[in-house]
Amino acid sequence: MLKTKYERMTKEEKQKLVLDYKKTEAGKAMCNRLLRLNVIGAMGILYSVFLFINDYSDLKWSDYLLIVPLFLISIFFIYMSYRLRKKVLNQFAIKKK
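Described below are features of the structure shown in this document. For every chain, the first residue of the written sequence is number 1, and numbering continues from 1 along that sequence. Given that this is a predicted model, residues contribute local features only at a pLDDT of at least 70 and side-chain atom pairs are listed and counted only at 80 or more, while totals for whole chains, interfaces and linings are drawn from all residues. Water and hydrogen atoms were dropped before computing side-chain values, which therefore reflect all heavy atoms in the structure.

1. Observations concerning the overall build of the protein
And step 1. Secondary structure summary: the protein contains 4 helices and 0 strands in total.
And step 2. Secondary structure of the protein in N-to-C order comes out as α-α-α-α.
And step 3. The C-alpha atoms of the protein give a radius of gyration of 18 Å, which is well past the 13 Å a tight globule of 97 residues would have.
And step 4. The C-alpha extent of the protein, read off along each of the three principal axes, is 60 × 30 × 20 Å.
And step 5. Relative to its 97 residues, the protein shows a buried fraction of 24%. Here a helix means four or more residues in a row that DSSP labels H or I, a strand means two or more in a row labelled E, and each is numbered from the N terminus. Taken over C-alpha atoms, the radius of gyration is set against a globule rule of 2.2 Å times the number of residues to the power 0.38. Under the scheme applied here, a residue whose accessible area is under 20% of the maximum for its type counts as buried, over 50% as exposed, and between as partly exposed, the area being computed with a 1.4 Å probe on protein chains only.

In structure tokens, the structure reads:
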């Protein structure tokens, strides 16, 4: 798999690119949306762990039908927010040159 321009940057270049992107109007909106996705994912993980620990002794199969998909969807939210962030920053780095 080929590395993108963003992945080939050094740590300092990535930080500068993120700061430049956050200064744009689209960057402010995108960062808020990605933060919201991360918070929703973290809350979903915490809630599913709470449900599992709270009713550990008397879990039914129907409880697993709620806990497991909620946990997996929350992990998917977090993963996709980081993937989207990388994609958007790569497009910004290519356009900026």
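2. What to know about the environment of M9
And step 1. Relative to the elements of secondary structure, M9 occurs in the loop between α1 (5-8) and α2 (11-23).
And step 2. In this structure M9 comes out as buried when scored by relative accessible area, which is 17%.
And step 3. For the pair M9 and I75, spaced 66 residues apart in sequence, the C-alpha separation works out to 27 Å.
And step 4. We call two residues in contact when some of their heavy atoms are within 4.5 Å. Setting aside residues up to four positions removed in sequence, M9 forms contacts with K14, L17 and A93.

3. Observations regarding the packing of aromatic side chains
And step 1. Each Phe, Tyr or Trp ring, with Trp reduced to its six-membered ring, pairs with another whose centre is within 6.5 Å; inter-plane angles below 30 degrees give stacked pairs, above 60 give edge-to-face pairs, and intermediate values give tilted ones. In the structure shown here, the tally under the stated rule is 1 aromatic pair.
And step 2. Look at Y21 and F92: their rings are 5.1 Å apart centre to centre, the planes differ by 65°, and that puts the pair in the edge-to-face class. Taken together, the residues Y21 in helix α2 and F92 in helix α4 (residues 61-96) connect sequence positions 71 residues apart.
And step 3. Our definition puts a charge over a ring when NZ of Lys or CZ of Arg is within 6 Å of the ring centre and also within 35 degrees of the ring normal. Over the ring of Y6 we find K14, and its NZ or CZ is 5.1 Å from the ring centre.

4. Let's talk about the nonpolar core
And step 1. Grouping buried Ala, Val, Leu, Ile, Met, Phe, Trp, Tyr and Cys residues that are joined through side-chain atoms within 4.5 Å yields what is termed a nonpolar core. Residues Y6, M9, L17, V18, Y21, M30, L34, V88, L89, F92 and A93 constitute the largest nonpolar core, which totals 11 residues.
And step 2. Listing elements by their share of this core, those giving two or more residues are α2, α3 (25-54) and α4.
And step 3. Looking at which element gives the most residues to this core, the answer is α4, with 4 residues.
And step 4. Here L89 is in contact with Y6, L17, V18 and Y21, once residues within four sequence places are set aside.

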